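Observations on the three-dimensional arrangement
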Amino acid sequence: MPPAQSPPSTPDVPPPYDWRSRLTAAAGRDGGAPETPRPDWQRLPYPFVTGQPDVREFPARAWARALRDTLLPQHIHESLDDRGAADDPLLVRTLCRDVLPARGITATPDRVLITMGSRHGLRLLAEALLAPGSTVAMEEPGSQEARRCFRASGASILPLSVDEDGVRPPESFAGIDVLYLTPNHHNPTNVTLSDARRRELLARLVGHDTIVIEHDSDSELRYLGESTPALQSADSSGRIVHLGSFSEFLAPGLRLGYLVADAELVTELRDRRGAGLVHPPGQLQRALALLIGSGEYQRVVLRHCLRMRRRWEEISDAVAEYLAWTRPGPACGSSLWLRGPDDMDCRDVQVRALYRGVAIERGDVCFAAPAPPVNYFRLGFSVIPVERIRPGIRELAEVLG
Ligand SMILES: Cc1ncc(COP(=O)(O)O)c(C=O)c1O
């Protein structure tokens, strides 16, 4: 029998590294509540989610053709070379010529920066314009993602209420470093900033050092009346930054967007972007330029608007029939913002609706207030097939009792 062995002496096992306190200390600031997890909506029969594409509408053939063409001799260098901090000049020219004028914006190429989605543009702006102690005024309720981004830069948020004319400007802009707005379709209510409010807001800004960030992502989605021009088109001072994106009309997964601003600010942001990701992928930039230049992108926008109008009509009718206690809201955008009965708790309804295959979005996460109202919720209608809308709203009505 072999002699009994004493157990090998184990070296001291260090405890797992405490990343949480290291990162909190290093950042020295609060990023706010984590982004709400998205349900596995592709498998649900009634996905009333927002910010997702209907992949059946994606112009797959035209995009594949554009991607193939990026490798032709006349495009291959712009597609595959390291361009330093520069963007594809063809995409920038095409944006200035074929996309921005529809929003009332006349821009020279030195005023345009290509981003990896408008959230990337927002992050670059927050890093360049904000520091701990800065103040950002923004709509309440408002974009959860934008709020997180500003808080991560150490800024505090000044909530501005919203009524049927859009955001109500503060009495004075003194001490406000940045005003963040979604003036054309307010996120999340879809209210449009009225002409009178636009004028009031621009007049009150005079004499203050506030920079305005206009987030404009789906203004073409208007089902009654005309789209309003971008706020930037009414400004001659150069202090309004316009953020746009191809997430709504192509796909959010492509991560392509743009920012239009004063040339000096664009140079600074380009430098910052260059230090991190160099430039958004050259091949994607060139493919997008070819898609827009061929006229296909404009057809995609038109087709998407028509399909979304159909969905909006269907969901508005169904809501009027089954959720008669609420008002469907403005005829634009890709979601409805609904106020439930006073005793409704959207967190509870979201869970119970999911059991019936209905995904809805909670409204409380759109508020900065520490004790937000819990009787609002949002129904996105960009991915749910039109024939499922009515049965989905009927299911939801049963959950709501
Ligand atoms: C108001 C608004 N528009 C559009 C988007 C879409 O962002 P992206 O262009 O980065 O996909 C967001 C997301 O944060 C948003 O808050």
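Data block above holds the structure.
Below is a summary of the structure that appears in this document. (Residues numbered from 1 in each chain as written. Predicted model: local features only at pLDDT ≥ 70, side-chain atom pairs only at ≥ 80, totals over all residues. Heavy atoms only, no water.)

Remarks on the sheet that holds strand E2 (residues 112-115)
Paired through backbone hydrogen bonds, the strands of a sheet run either parallel or antiparallel to each other. If you trace the eight strands from one edge of the open sheet to the other, you get E2-E9-E8-E7-E6-E3-E4-E5, paired in mixed fashion. The open sheet has two free edges, formed respectively by E2 and strand E5 (166-167), since each of these has just one partner strand. Sheet analysis places E2 next to strand E9 (residues 257-260), joined by four bridges and oriented antiparallel. Bridged to Val112 within E9 is Val260. Of the strands in this sheet, E2, strand E6 (178-181), strand E7 (211-215), strand E8 (240-245) and E9 touch helix H5 (residues 118-129), which is tilted by about 150 degrees from E8. Each of E2, E8 and E9 touches helix H8 (residues 263-277); the most contacted strand, E2, lies at about 30 degrees to it. (Pairing = 2+ DSSP bridges. Helix = DSSP H or I, 4+ residues; strand = E, 2+ residues; numbered from the N terminus. Contact = heavy atoms within 4.5 Å. Axes fitted to C-alpha atoms, helices over the stretch in contact; angles between N-to-C directions.)

So, the pattern of salt bridges
This structure, assessed with the given rule, holds 29 salt bridges. The residue Arg311 makes a salt bridge to Glu57 at a minimum N-O spacing of 3.3 Å. Here Arg311, found in helix H10 (residues 296-322), pairs with Glu57, found in the loop between strand E1 (46-47) and helix H2 (60-69); they are 254 residues apart in sequence, far enough to count as distant. Classification of Arg311 by relative accessible area gives buried; the value is 4%. Between Arg68 and Asp69 there is a salt bridge, with its nearest N and O atoms 3.4 Å apart. Each member of the salt-bridge network shares a partner with another, and the members are Asp54, Arg56, Glu57, Arg307 and Arg311. (Salt bridge = Lys/Arg side-chain N within 4 Å of Asp/Glu carboxyl O. Buried < 20%, exposed > 50% of the residue type's maximum accessible area, 1.4 Å probe, protein only.)

Details of the site of the ligand
Inspection of the region around the ligand gives 13 residues, with Ser118, Ser143, Ser245, Ser247 and Arg255 positioned closest. Taking Ser245, its side chain carries an N or O atom lying 2.7 Å from an oxygen atom of the ligand. Taking Ser247, its side chain carries an N or O atom lying 2.6 Å from an oxygen atom of the ligand. Burial of the ligand by the protein amounts to 89% of the accessible area it has alone, namely 390 Å². Considered class by class, the residues forming the shell around the ligand number one nonpolar, nine polar and three charged. (Near = heavy atom within 4 Å. Polar contact = N/O pair within 3.5 Å; in protein donor to acceptor, adjacent residues only side chain to side chain. Areas by Shrake-Rupley, 256 points an atom, 1.4 Å probe, with all protein chains shown as cover. Nonpolar A, V, L, I, M, F, W, Y, C, P; charged D, E, K, R; others polar.)

Comments concerning the packing of H5 against helix H6 (residues 144-152)
Two elements in contact, H5 and H6, have axes whose closest approach is 9 Å; the angle formed by their N-to-C orientations is 25 degrees. When the axis of H5 is compared with that of H6, the two are roughly parallel. Between H5 and H6 lies a crossing whose hand is right-handed. Where H5 approaches H6, its residues Arg119, Leu122, Arg123 and Ala126 are matched on the opposing element by Glu145, Ala146, Cys149, Phe150 and Ala152. (Parallel < 35°, antiparallel > 145°, perpendicular 65-115°, else oblique. Left-handed = near helix turned anticlockwise from the far one by under 90°.)

Notes on H2
Turning to H2, its buried residues are Ala62, Trp63 and Ala66. The buried residues of H2 occupy one face: seen down the axis, they fall within an arc of 100 degrees. Residues of H2 that are exposed and point over 90 degrees away from its buried face: Arg61 and Arg68. Packing partners of the buried residues in H2 comprise helix H9 (282-293) and H10. (Arc of directions from axis to C-beta.)

Comments concerning the layout of surface pockets
Of the voids in this model, the second largest pocket is the one considered here, and its volume is about 570 Å³. Mapped onto the lining of the second largest pocket, the elements with two or more residues apiece are strand E4 (156-163) and strand E10 (335-339). A breakdown of the residues in the lining of the second largest pocket according to their chemical character gives 10 nonpolar, five polar and six charged. (1 Å grid on protein atoms, 1.4 Å probe; cavity = no way out; pocket = protein on both sides within 12 Å on 5 of 7 lines; lining within 4 Å. Points joined across faces, edges and corners; volume = space filled by probe spheres on them.)

Description of the environment of Ser143
In this fold, Ser143 is placed in the loop between strand E3 (135-140) and H6. Relative accessible area serves as the criterion here: at 5%, Ser143 is assigned to the buried category. In this structure the C-alpha to C-alpha distance between Ser143 and Glu226, which are 83 residues apart in sequence, comes to 24 Å. Ser143 has contacts with Met138, Tyr180 and Asn187, leaving out every residue within four places of it along the chain. In terms of polar contacts, Ser143 uses its side chain to reach the side chain of Glu145, at 3.4 Å. A polar side-chain atom of Ser143 sits 3.1 Å from the main-chain amide nitrogen of Ala146.

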